[in-house]
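Residue-level listing of the chains:
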Amino acid sequence: MVRGDPVCRKEDCSQYDIGLVFKEISSKFGPGQAQVHRECVETSGDQTLQHHLRTAPRNATHISKTFQNEMITTVGAVIVNNLSQEIRDSKYFSIMSDKAADISNKENLSVVIRFLDSTKTVREEFVGFYLCEDGTTGAATKDLIIGAVVDLGLSMDDCHGQCYDGAGNMSGRLNGASSLIRAEHDKAIYVHCMNHRLNLCIADTCQLPLVSNIMDVVRKLSEFFDNSPKRQQHLINKIRLLMPAANHFVLVNVCRTRWIERIDGMDRIVELLHPVVATLEDISVNRNGPNDGSNWNQNSRNDAQALINAITFPFIITVVIVRHILDLTRPLTLRLQKKAMDLLKAKEEIVLLKAALRGMQTDLNTRHHALYEEAVALATSVSVEPSRPRIIQRQVYRNNAPAPTPEDSH
């Protein structure tokens, strides 16, 4: 699993996950929940519950937070027991795990059990978060994982697989959690998460300074609007004004490890570049929105101008090209996260992606011309002229060869 990724994806959530989530959040219910619950029931249209609330004694309405917490805890325990029984019936299982920091910056270990149920369907079930109180070393992580399995009433002797990311404390040959677990249970074969490996491969290919720079600018653009409701609202107003048919109104932050988020971030910046630049121009010159009578502070104005200066033609054409290439990896990235994916299917998908990339290489001039035309159209919408990078005597960070036209240069 990729560090920082939520292990329980929305499309994977099952009846078991809901009970566990309720169990986690139930302790946060404060005073007044009973009244909120009563109002929800009274407006729900459920005649039986409405009759119960009107006629039941005050000490038997069963809507207090204490009763709700007890009920959720009981339901959660039943769900976990049922899940544990299903896994025991299937006998063999694999473990998937990853660490993620919560809002208080404490590391938590998420644990998922993968097994084949009685209908011969591959299941991946989230079983809980475990606070890393003893640190994040391989030995501490091993103890947490084995403890989670034992808590479910399972035997590690029936564990036939482990899947983690490539961090040293998880995959280390000597002291990684996977090696320590396999030293005690030799059937638990470790497999490096395929989607994480794809992310690492793409990361290694994105070491060009131009690519690193545009990733940084896209991240700063999303953070510029995310960190200020006032700026975000002004951007929304611009989108509605300049793109009335738009379906998106928020930029996507480019996560450092989830490349599917980077693909979405590139797609969104290309789609909304015109209103984004228009909003930055308004802020940089202290021009107010139609429904805002206040001024922009000096820091906002300076940051907006710096971002405008970063949106050059090299930035635009690099965004267009990187977006196109990353879009080719989207199907593989999504399929590698599916529960039914195995090694043979993963290999087939990788072969298809390599064939698509080789197809680009054989028709490189035509593909590049199409992408260049797209970049020119996008640059024209934000009043940026196609240009060639200047030629200097010595350059080591980018192409420095002379070219007759901007298209040849890029």
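Residues numbered from 1 in each chain as written. Predicted model: local features only at pLDDT ≥ 70, side-chain atom pairs only at ≥ 80, totals over all residues. Heavy atoms only, no water.

Under an unreviewed UniProt entry, the name given to the chain is 52 kDa repressor of the inhibitor of the protein kinase, and the source organism is Acropora cervicornis.

Caption draft 1: Up close: the packing of aromatic side chains. Tallied over the entire structure, the rule returns four aromatic pairs. When the ring of Tyr-164 is compared with that of Tyr-190, the centres are 5.8 Å apart and the planes differ by 25 degrees; the resulting orientation is stacked. With Tyr-164 in strand S4 (residues 159-164) and Tyr-190 in strand S5 (residues 189-192), this pair connects stretches of sequence that are 26 residues apart. A ring pair is formed by Phe-313 and Tyr-372, whose centres lie 5.9 Å apart and whose planes are at 80 degrees; its orientation type is edge-to-face. Here the residue Phe-313 occupies a position in helix H14 (residues 313-335), and Tyr-372 occupies one in helix H16 (residues 364-381), the gap between them amounting to 59 residues. Residue classification places Phe-313 among the buried positions, given a relative accessible area of 1%. Given the relative accessible area of 8%, Tyr-372 is considered buried. The ring of Phe-224 carries Arg-231 above its face, with NZ or CZ at 4.2 Å from the centroid. Positioned over the ring face of Phe-249 is Arg-240, at 5.4 Å from the centre of the ring. (Phe/Tyr/Trp six-rings, centres within 6.5 Å; stacked < 30°, edge-to-face > 60°. Helix = DSSP H or I, 4+ residues; strand = E, 2+ residues; numbered from the N terminus. Buried < 20%, exposed > 50% of the residue type's maximum accessible area, 1.4 Å probe, protein only. Lys NZ or Arg CZ within 6 Å of the ring centre and 35° of its normal.)

Caption draft 2: View of a nonpolar patch on the surface. A surface patch of nonpolar side chains, amounting to about 260 Å² of accessible area, comprises Ile-189, Val-191 and Leu-343. Mapped onto the fold, Val-191 is located in strand S5. In this structure Val-191 comes out as partly exposed when scored by relative accessible area, which is 34%. (Patch = residues over 30% accessible without salt bridge, like charges linked within 9 Å, V, L, I, M, F, W, Y side chains within 5 Å. Areas by Shrake-Rupley, 256 points an atom, 1.4 Å probe, with all protein chains shown as cover. Salt bridge = Lys/Arg side-chain N within 4 Å of Asp/Glu carboxyl O.)

Caption draft 3: Structural detail: the sheet that holds S5. In space, the five strands of this open sheet follow the order S3-S2-S1-S4-S5, with mixed pairing throughout. Every other strand in the sheet has two partners, leaving strand S3 (122-131) and S5 as the edge strands with one partner each. Adjacent strand axes in the sheet meet at a mean angle of 25 degrees, parallel and antiparallel pairs treated alike. Here four bridges tie S4 to S5, and the two strands are oriented parallel to one another. Considered in S5, the bridge of Cys-163 is made with Val-191. Running over the sheet, helix H5 (residues 138-151) touches strand S1 (93-101), strand S2 (107-116), S3 and S4 and is turned about 125 degrees from S1. Running at roughly 170 degrees to S4, helix H7 (residues 177-184) makes contact with S4 and S5 of the sheet. (Pairing = 2+ DSSP bridges. Axes fitted to C-alpha atoms, helices over the stretch in contact; angles between N-to-C directions. Contact = heavy atoms within 4.5 Å.)

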